[in-house]
Amino acid sequence: MARTIQTAGTGLPDGVEALLDQAAAVCLARAVRLTEIRRLVLGLVLAADRPLGAYDLLEQIRTTRGRPVAPPTVYRALDFLMEQGLIHKIERLSAFAGCRHMLESGHACHGHVHAAQFLICSRCGCVTELDDPHILKALLEVTRARGFSVRQTTIEAEGLCATCA
């Protein structure tokens with residue numbers, strides 16, 4: 001279960017409400033809706049100190065709203081958030097992490113190859129997202145040389161974070 005630092009009145013960690021407002025602006029610019037449930041799911045993902053699985057989200061939503069929500073509703077929200085580039089799926093963990101660099105910088109991830117690279121600590125579960133254009137450039141050069149067209153890339157490296165090392 002993710003740890004959260006409560007902010008007065010919102011129940012969200014410091015800065016998450018601003019990220020949600022940025023996400024709403026991104027959705028508005030793309031003429032798509034950040035519905036209440038999508039915003040709630042995104043807020044929980046952004047507030048977590050590590051990636052959350054769908055069942056973690058279901059439990060947190062039940063706790064937050066005081067009533068359960070159907071699993072397909074959460075899966076649809078997750079699909080939407082991934083399509084918009086607002087979250088990433090960490091395949092290794094079958095969990096979801098917010099795309100903070102896009103929301104904090106305003107760098108749109110929708111509709112282009114996004115250089116998602118993740119460092120996953122095998123001891124504490126901490127995940128750090130990198131946005132290193134050199135890694136993407138190297139990958140694109142190698143794949144183009146082989147006639148392969150990359151649509152999306154996610155690189156996951158597992159090891160120990162600085163704290164655990």
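Residues numbered from 1 in each chain as written. Predicted model: local features only at pLDDT ≥ 70, side-chain atom pairs only at ≥ 80, totals over all residues. Heavy atoms only, no water.

Asks: Can you help me understand the overall build of the protein chain in this one?
Replies: Each helix and strand in the protein chain was counted, giving 6 helices and 5 strands. If you list the helices and strands of the protein chain from N to C, you get α-α-α-α-β-β-α-β-β-α-β. A total of 165 residues make up the protein chain; the buried ones form 39% of that total. Counting only contacts in the protein chain whose residues sit at least 6 apart along the sequence, the fraction spanning at least 24 positions is 56%. Counting every atom, the protein chain has about 9,400 Å² of accessible surface; 54% of that belongs to carbon and sulfur. (Helix = DSSP H or I, 4+ residues; strand = E, 2+ residues; numbered from the N terminus. Buried < 20%, exposed > 50% of the residue type's maximum accessible area, 1.4 Å probe, protein only. Contact = heavy atoms within 4.5 Å. Areas by Shrake-Rupley, 256 points an atom, 1.4 Å probe, with all protein chains shown as cover.)

Asks: Is there a simple way to explain the pattern of salt bridges in this structure?
Replies: For side chains of opposite charge, pairing can occur when their charged atoms come near one another. Within this structure, the stated rule accounts for 6 salt bridges. Across the salt bridge formed by glutamate 17 and arginine 39, the nearest N and O atoms sit 2.7 Å from each other. Here glutamate 17, found in helix α1 (residues 16–29), pairs with arginine 39, found in helix α2 (residues 36–47); they are 22 residues apart in sequence, far enough to count as distant. (Salt bridge = Lys/Arg side-chain N within 4 Å of Asp/Glu carboxyl O.)

Asks: What is the right way to look at the packing of aromatic side chains in this model?
Replies: The relative placement of two aromatic rings is captured by the distance of their centres and the angle of their planes. Per the stated rule, a full pass over the model turns up 0 aromatic pairs. Here the basic side chain of arginine 38 rests over the ring of phenylalanine 80, its NZ or CZ set 3.7 Å away from the ring centre. (Phe/Tyr/Trp six-rings, centres within 6.5 Å; stacked < 30°, edge-to-face > 60°. Lys NZ or Arg CZ within 6 Å of the ring centre and 35° of its normal.)

Asks: For this particular structure, what's the right way to read the nonpolar core?
Replies: Nonpolar side chains tend toward joint burial in soluble globular proteins. Grouped together as the largest cluster of nonpolar side chains are 34 residues, with contacts concentrated most on Val41, Leu42, Leu57, Ile61, Leu78, Leu81 and Leu86. Put simply, the parts of the chain that give this core at least two residues each are α1, α2, α3 (54–65), α4 (71–83) and α5 (100–105). For leucine 42, the contacting residues outside a window of four places in its chain are Leu20, Ala23, Leu81, Leu86 and Ile87. Counting 6 residues, the second-largest nonpolar core is a separate cluster that includes Ile90, Ala116, Phe118 and Val127. (Core = buried A, V, L, I, M, F, W, Y, C linked by side-chain atoms within 4.5 Å.)

Asks: Help me understand the environment of arginine 62, please; the structure alone is not making it clear to me.
Replies: Note that arginine 62 resides in helix α3. You can call arginine 62 partly exposed: its relative accessible area is 37%. Non-local contacts of arginine 62, meaning those with residues more than four positions away in its chain, are made with Arg67 and Pro68.

Asks: Explain the environment of glycine 98 here, please?
Replies: Along the chain, glycine 98 turns up in strand β2 (residues 95–98). Separated by 51 residues in the primary sequence, glycine 98 and alanine 47 have C-alpha atoms spaced 8.8 Å apart. Excluding its chain neighbours within four sequence positions, the residues that come into contact with glycine 98 are Val45, Leu46, Leu86, Ile87 and Glu129.

Asks: Would you mind showing me how to read the packing of α3 against α4 here?
Replies: When two helices pack together, their arrangement is given by the angle between the helix axes and the distance between those axes. At their nearest, the axes of α3 and α4 sit 10 Å apart, and the two run at 115 degrees to each other. Classified by the angle between their axes, α3 and α4 sit roughly perpendicular to one another. When the axes of α3 and α4 are compared, the crossing they make is right-handed. Across the interface between the two elements, Ala54, Tyr55, Leu57, Leu58 and Ile61 from α3 touch Pro71, Val74, Tyr75 and Leu78 from α4. Of the residues contributing to the contact of α3 with α4, the split by class is 9 nonpolar, no polar and no charged. (Axes fitted to C-alpha atoms, helices over the stretch in contact; angles between N-to-C directions. Parallel < 35°, antiparallel > 145°, perpendicular 65-115°, else oblique. Left-handed = near helix turned anticlockwise from the far one by under 90°. Nonpolar A, V, L, I, M, F, W, Y, C, P; charged D, E, K, R; others polar.)

Asks: Hey, could you run me through helix α6 (residues 133–145) in this one?
Replies: Residues three or four positions apart in an α-helix share a direction because the helix packs 3.6 residues into each turn. Between its terminal C-alpha atoms α6 stretches 18 Å, which fits the 18 Å expected from 13 residues at 1.5 Å a residue. In this structure aspartate 132 caps α6, since a side-chain oxygen of it lies 2.8 Å from the backbone nitrogen of histidine 134. Count one or two residues on from α6 and you reach glycine 147, which has phi positive near 75 degrees. (Expected span 1.5 Å × (residues − 1). Polar contact = N/O pair within 3.5 Å; in protein donor to acceptor, adjacent residues only side chain to side chain.)

Asks: I tried to follow the UniProt feature "binding site: Zn(2+)" (unreviewed entry) in the protein chain on my own but got confused; where do I start?
Replies: Using the residue numbers shown here, the UniProt feature "binding site: Zn(2+)" (unreviewed entry) corresponds to Cys121, Cys124, Cys161 and Cys164. The named residues occupy 44 residues along the chain; their greatest pairwise C-alpha distance, 8.2 Å, places them in one compact cluster. Among the secondary structure elements, cysteine 124 is positioned in the loop between β3 (115–121) and β4 (127–130). Judged by its relative accessible area of 27%, cysteine 124 is partly exposed. Discounting residues that sit within four places of it in the chain, cysteine 124 has contacts with Arg50, Cys161 and Cys164. (UniProt positions renumbered as here; feature names shortened; annotations may be inferred.)

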